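Single-letter residue listing:
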Amino acid sequence: MNYRVPQPVPQVILDDVRGAQKMLSGVSRVTPMEGSRHLSALTGSPVHFKCENLQRTGSFKLRGAYVRIAGLRPEQRAAGVVAASAGNHAQGVALASSLLGVRSTVFMPVGAPLPKVAATQEYGADVRMHGQVVDETLAAAQEYADRTGAVFIHPFDHRDIIAGQGTVGLEILEQCPEVRTVLVGVGGGGLAAGVAVAVKALRPDVRVVGVQAAGAAAYPPSLKAGHPVSIDHPNTMADGIKVGRPGDVPFRIIGELLDDVRTVSEDALSSALLLCLERAKLVVEPAGCSTVAALLSEPELYGAGPVVAVLSGGNVDPLLLQRILRHGMAAAGRYLSLRLRVADRPGALAGLLGVLSVVDANVLDVSHVRTDPRLGLTEVEVELQLETKGPEHCAEVARTLHGAGYKVMA
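Residues numbered from 1 in each chain as written. Predicted model: local features only at pLDDT ≥ 70, side-chain atom pairs only at ≥ 80, totals over all residues. Heavy atoms only, no water.

Looking up the chain in an unreviewed UniProt entry gives the name L-threonine dehydratase catabolic TdcB, with the organism given as Streptomyces yangpuensis. Of the comments in the UniProt record for the chain, the one headed Pathway (unreviewed entry) reads "Amino-acid degradation; L-threonine degradation via propanoate pathway; propanoate from L-threonine: step 1/4." Taken from UniProt, the Cofactor (unreviewed entry) comment for the chain reads in full: "pyridoxal 5'-phosphate". (UniProt positions renumbered as here; feature names shortened; annotations may be inferred.)

Quick look at the structure:
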């Protein structure tokens, strides 16, 4: 990283993370680490996945939520806790509260995915739907806390939350002691800060690299400015890291300890999700596979020794997963859109489809255009959506159509 933030010593230290690890014994899972042959070949170094998508509640959030709530005084526990979240933090707070016998209220935005709402309720929280965007939901939760005395559990901006998330870093060093680079997704910064505290205290030689979605990348301008900077209208499919402003506490730690923060595109995120599903047989949400997207986008940066990529969560709405998979297929060259002209006579379309069957392209959709003034009197334009096997197959389809006398328009 080309800049350092002149800040005081970080507020979370290794002893805090070790204390959190003891507290979480028997509560959170020591999640597995899986190797990736495909990414290892791509980068030239061993690549491993730290599978927090297989954590209880489907993400790392339980770790921090439990440590935070367990640290409350008796009178605070009696008042209950409140949180605001569209998914992972909501479920982490709900389960942690139930395990600790604390009443929890969770505000979720109207339109939050139904599976996440149902899971939060099943973990024991009183779920209240409020607001169209998370900022409105946060405001409602804070107002509830002020009115009732319930303790507001912030998703990332508290030292106990960061210490809990840092236990991921301890497990990485135990499971892969030869690691040289750790990749971790960054939203508000709680997970990245905690992992950095643990890893840098024990292995200062290990690079810790944060990854943000390009459409919600608040950390690069904030680090450059030397203080948290808000970005307007963050926009990304990776809702788990869709945060418009870094947290004050994790910002100081990240500015001091992280070696770099990279950004990834939406195409890279969808391609990474598809890779995790097809190659690793792992269901990972877009935010959870941001680290994989970084490896796909710039593999040449990670060739110096073993890499551990944290898969931070696996809670993805099935409808969103369907759309992302289509996007990922297109980004990977697995879909091909074509427009061409054929003679407007019986059998012309059948002949075209016969050519496509020879080259083994699967036709998903066909439409005819007959009213375009650019068409000849005896012509019809055909628009095709094809499923292919990748970029090379797309090129083969185009060559075959050209060889059969068809003029491809687009």
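Now, onward.
> Report on the nonpolar core, specifying residues and quantitative values.
Counting 56 residues, the largest nonpolar core has I69 and V81 as the members making the most contacts within it. Take this core: its biggest share by element is 8 residues, from helix α10 (residues 190–202). In this view, V81 contacts I69, L72, V93, S97, V102, R103, S104, T105, A150, V151 and I153; residues no more than four positions away in its chain are not counted. Counting 33 residues, the second largest nonpolar core, distinct from the first, contains V211, A294, V307 and L311. (Core = buried A, V, L, I, M, F, W, Y, C linked by side-chain atoms within 4.5 Å. Buried < 20%, exposed > 50% of the residue type's maximum accessible area, 1.4 Å probe, protein only. Helix = DSSP H or I, 4+ residues; strand = E, 2+ residues; numbered from the N terminus. Contact = heavy atoms within 4.5 Å.)

> Tell me about the state of the cysteines, and name the residues and values.
Overall, the coordinates contain 0 disulfides when judged by the stated rule. C289 supplies the cysteine sulfur nearest to C276, a cysteine that is in no disulfide, at a spacing of 5.3 Å. Of the residues examined, C276 reaches a relative accessible area of 0% and is grouped as buried. (Disulfide = S-S within 2.5 Å.)

> Account for helix α9 (residues 167–175), with residues named and values stated.
α9 sits mainly inside the fold: 7 of its 9 residues count as buried. Those residues of α9 lying buried are T167, V168, G169, L170, E171, I172 and L173.

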